Each structure stands twice: as structure tokens, then as C-alpha cells.
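In case you want the letters, here they are:
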Amino acid sequence: MRYFYLLIFVLVSCVGNVFAQDNYARLEARAARFVQFQEWNSANAMYMLMIDQRPNVPKTYSRAIVTSGLLSDDKTQVGLLEMTQKQGISLDSIFAEVNKFAYEIGESQEYEQFLKLVKQRQPWIGRNINMRLLRFYNFRNDAPNMVAVGKELLAATPQDVNYLLTVGRGYMLQGDYENAVKEYNKVLAVEPHNYDALLALGNYYYVEWKNAEGTRSQFASVRDLALKYLEQANTLHPTPFVSTVIGVLEGNKH
């Protein structure tokens, strides 16, 4: 008799597991349809039910976070993040999934807004958030934010070459060439053979010289700076374009 009851228990457990899996799959399919038609409230409800059933899946939390953002529900977003922390889910996986899903549905601003929200509500991880924001702004060529966030990071690590390069590029995109040159020179002070900084400075001085049409003879020092940086860059990583530019500059030395 004991074996009979054990058999019944096993069968009931198996049926329960199959039912739970089937129900979860149905919720997932419904959520996908709601997302397709941009029915964010309904999609969010499905993701919340999925979290109730499986509270350790990073992707589901991330999708609930994004849809909550689209509903302007900051409180739920923060609550979901706190739930992931209690579950021991890594921040990296959550942020990566939020970024991925936000781009998939054409709402990339939700990734930025979520990062800024977390930075505000959990300032002790502000540096981690700034690093992610800087990558986001660099990818989008968002020059003002590249400079602003890069400067925040550089306040703690003023010789970080990657941050200096990003800030320099941000200034260049804004047309603030004086500050861009300063940042690239800071890079070279740390890494004298940094290819990106050498190329950026070489190109800048070349364009300055080239734009001096008719008065180039007065810009010999600018031409020489362009040559200096481009020759160093070309030594590190030769390219046909840079070689051609060097040839043009050298051909105008006399």
C-alpha cells in the first residue's frame, strides 16, 4: 500500500510540473503578443505572473522592468531590481537584458532611463552605472553626456585612458576643439603611443591646415603637428589613407 501511495504522489507531482511548465509557456507567448502590439500594461502583467512562477530568471525581470518604465512606473522598476538582488541575480545580467530588450522593441531610451533611476535610488553603485551610461552615450554619439559622465568618472580616476578618449571625442563632436586637444594630450601623457589619440590629433591638425586654403604657408606649424602625430600613428598601424595624407603634408613642406 505504501508503494501505491508513493506512486500516486509521483504521478501527481509530474502532472503538476507539466501543468506549471505549460502555464508558464502560455504566459510567455501571451506576453510576446502583447509586446508585438505595444500593449505594455498587459505585457507587464504577464511578466509579473511569470516572475511569481519562476523568481530566478533574469530575462523576465528585465522585461518587466522595461515595460514598467514604458508605463512610467518607477516604483515597480525599483521594486523589481530589489527583488533580483534578494534572489542573488547579478546586476550585470539584469542590465544586459534590459539593454537587449529595450533595443529589440525600439525603446532604447528605457535602458538609459532605468540606469539613471538606479543611480538616483542606489547611489552606492553610481560608478558602476556611470560606466554603463558612458558606453551608451558613446555608442549614440551623445556628445554632451559623453563629456558630463566622462568627467564624473575621471574625478575619481583622472588618468583612465578610455574615459579621457571618450571625453575628447565628445568635445570633438561638439566642435570644442580646444578642450578636445587637451583631453587627447592627457591621454598621450599617460600612454605616449596611444593610437586613437595620435590619430585624432593628427586628423585635427590636418583638417586645420587643409582648411587654410590660400594661406597654408602661414600654417607650417600646424602642418608639422599633423605630420608628427600621423607619422607616429602610421608607424603603429599603417593604413593607406593615413599614408596618403602624410604624403600630401610632406609634399607641401617646400
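It should be noted that the structure appears before, not after, this text.
Residues numbered from 1 in each chain as written. Predicted model: local features only at pLDDT ≥ 70, side-chain atom pairs only at ≥ 80, totals over all residues. Heavy atoms only, no water.

Caption draft 1: The pattern of salt bridges, seen in detail. All chains considered together, the criterion is met by eight salt bridges. Notably, a salt bridge pairs Glu178 with Lys182, separated by 4.0 Å at the nearest N-O pair. Taken together, the residues span about one helical turn, with Glu178 and Lys182 both in helix H10 (residues 177–190) at a distance of four residues. One salt-bridge network, held together by shared partners, links Lys151, Glu183 and Lys186. (Salt bridge = Lys/Arg side-chain N within 4 Å of Asp/Glu carboxyl O. Helix = DSSP H or I, 4+ residues; strand = E, 2+ residues; numbered from the N terminus.)

Caption draft 2: Here's a closer look at the packing of helix H8 (residues 143–156) against helix H9 (residues 161–174). Their axes nearest at 8 Å, the elements H8 and H9 cross at an angle of 150°. Between H8 and H9, the crossing angle belongs to the class labelled roughly antiparallel. You can see that H8 and H9 cross each other, and the crossing is left-handed. In this structure, H8 contributes Ala143, Pro144, Met146, Val147, Gly150, Lys151, Leu153 and Leu154 to the contact, and H9 contributes Tyr163, Leu164, Thr166, Val167, Arg169, Gly170, Tyr171, Leu173 and Gln174. Tallied by class, residues from the contact of H8 with H9 come to 11 nonpolar, four polar and two charged. (Axes fitted to C-alpha atoms, helices over the stretch in contact; angles between N-to-C directions. Parallel < 35°, antiparallel > 145°, perpendicular 65-115°, else oblique. Left-handed = near helix turned anticlockwise from the far one by under 90°. Contact = heavy atoms within 4.5 Å. Nonpolar A, V, L, I, M, F, W, Y, C, P; charged D, E, K, R; others polar.)

Caption draft 3: Local environment of the environment of Thr67. Tracing the backbone through its elements, the reader meets Thr67 in helix H3 (residues 58–70). Once the C-alpha coordinates of Thr67 and Gln77 are considered, the two residues, 10 residues apart in sequence, prove to be 9.0 Å apart. Filtering out sequence-adjacent residues up to four positions away, Thr67 remains in contact with Trp40, Ala43, Asn44, Tyr47 and Phe101. A polar contact is formed between the side chain of Thr67 and the backbone oxygen of Arg63, at a distance of 2.8 Å. At 3.1 Å, the side chain of Thr67 and the backbone oxygen of Ala64 are in polar contact. (Polar contact = N/O pair within 3.5 Å; in protein donor to acceptor, adjacent residues only side chain to side chain.)

Caption draft 4: Expanded view of H9. Over its 14 residues, H9 runs 20 Å from end to end, which matches the ideal 20 Å to within 8%, given 1.5 Å per residue. Across the 14 residues that make up H9, a large majority, 10, are buried. Those residues of H9 that are buried lie in contact with helix H7 (126–139), H8, H10 and helix H11 (195–210). A side-chain oxygen of the first residue of H9 lies 3.1 Å from the backbone nitrogen of Asn162; this N-cap is Asp160. Backbone geometry just after H9 places Gly175 at a positive phi near 80°. (Expected span 1.5 Å × (residues − 1). Buried < 20%, exposed > 50% of the residue type's maximum accessible area, 1.4 Å probe, protein only.)

Caption draft 5: Representation of the environment of Ser108 in the model. With respect to the secondary-structure elements, Ser108 resides in the loop between helix H5 (91–104) and helix H6 (109–121). Residue classification places Ser108 among the buried positions, given a relative accessible area of 13%. For the pair Ser108 and Val66, spaced 42 residues apart in sequence, the C-alpha to C-alpha distance is 9.6 Å. For Ser108, the residues in contact, after removing those within four places along its chain, are Ala102, Tyr103, Phe136 and Arg140.

Caption draft 6: Seen up close, the nonpolar core. By size, the foremost hydrophobic cluster in this structure holds 70 residues, and its most contacted members are Tyr47, Tyr184, Tyr205 and Leu249. Tallying contributions element by element places H11 first for this core, with eight residues. For Tyr184, the contacting residues outside a window of four places in its chain are Leu165, Gly168, Arg169, Met172, Ala197, Ala200 and Leu201. (Core = buried A, V, L, I, M, F, W, Y, C linked by side-chain atoms within 4.5 Å.)

Caption draft 7: Spatial organisation of unusual backbone geometry. Non-glycine residue Gln38 carries a positive phi angle of around 55°. Within the secondary structure, Gln38 sits in the loop between helix H1 (2–36) and helix H2 (40–53). Look at Asn141: it is not a glycine, yet its phi comes out positive at around 55°. Mapped onto the elements, Asn141 comes out in the loop between H7 and H8. Its relative accessible area of 43% is what places Asn141 among the partly exposed residues.

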